[in-house]
Amino acid sequence: MTHHDPPGIIAPHIPADAYRRAQTTGAPVVIVVPTTNPTGVPWRRIMIPLAIAGAAALGGWGLVVALCALLDAAAHTVTVIAGAAGPIGFGGITLRLARTKHL
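Just so you know, these numbers come straight off a predicted model, no measurement behind them. (Residues numbered from 1 in each chain as written. Predicted model: local features only at pLDDT ≥ 70, side-chain atom pairs only at ≥ 80, totals over all residues. Heavy atoms only, no water.)

## Thoughts on the overall build of the protein chain
The criterion, for reference: Working definition: helices are DSSP H or I runs of at least four residues, strands are E runs of at least two. Numbering for both runs from the N terminus. Working definition: with a 1.4 Å probe on protein chains only, accessible area under 20% of the residue-type maximum means buried, over 50% means exposed, and in between means partly exposed.
Check the secondary structure of the protein chain and you find 2 helices and 2 strands. Along the protein chain, from the amino end to the carboxyl end, the secondary structure elements read α-α-β-β. In the protein chain, which comprises 103 residues, the proportion classed as buried is 5%.

Below you can see the structure in the form of C-alpha cells.
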C-alpha cells in the first residue's frame with residue numbers, strides 16, 4: 001500500500017485521524033466548503049459599462065469642442081484675409097468682403 005501525505009494547504013481542516021481512516025478504507029475524502037452568495041449589487045458589472053459609456057461621451061464632446069475651435073479659427077482667418085484684401089472687382093461688380101471699422 002502506498003503512503004500518501006495529507007493535503008497541505010488545500011484542506012488543512014481535515015483531522016488527521018479522519019484522513020488516515022479514509023486512506024486505509026479507500027473511501028474518498030469529501031470536503032464541504034460552505035459559501036454564501038453575495039447579496040449586494042455587483043459593482044464591477046455595473047461600473048465597467050458606465051465607464052466605457054462615460055469615456056465615449058467625453059470623447060464625443062471633445063470632438064465637438066475641437067470642431068468649434070477649428071471653425072472659429074477658420075472664421076477669424078477668413079476675416080483677416082478679407083480685410084487685408086480690400087474690395088474685389090469682377091466685370092464691373094465690386095464686392096467688399098469686410099466692412100471697415102470706421103463707418
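Now that the structure is up, let's keep going.
## Details of helix α1 (residues 16–25)
Put simply, the rule reads: Taking the helix axis as origin, the arc is that swept by the directions to the C-beta atoms.
Buried residues of α1: Tyr19, Ala22 and Gln23, and no others. The buried residues of α1 occupy an angular sector of 100° when projected down its axis, which confines them to one face. Opposite the buried face of α1, by more than 90 degrees, sit the exposed residues Asp17, Arg21, Thr24 and Thr25. Of the residues one or two after α1, Gly26 is the one with positive phi, at around 85°.

## Remarks on the confidence of the model for the protein chain
To keep it simple, the criterion reads: Note: pLDDT gives the predictor's confidence per residue, expressed from 0 to 100.
Averaged over all residues, the pLDDT of the protein chain equals 78, while 72% of them reach at least 70. Taken element by element, the predicted model of the protein chain shows its lowest mean pLDDT in strand β1 (residues 88–90) (69) and its highest in helix α2 (residues 43–85) (91).

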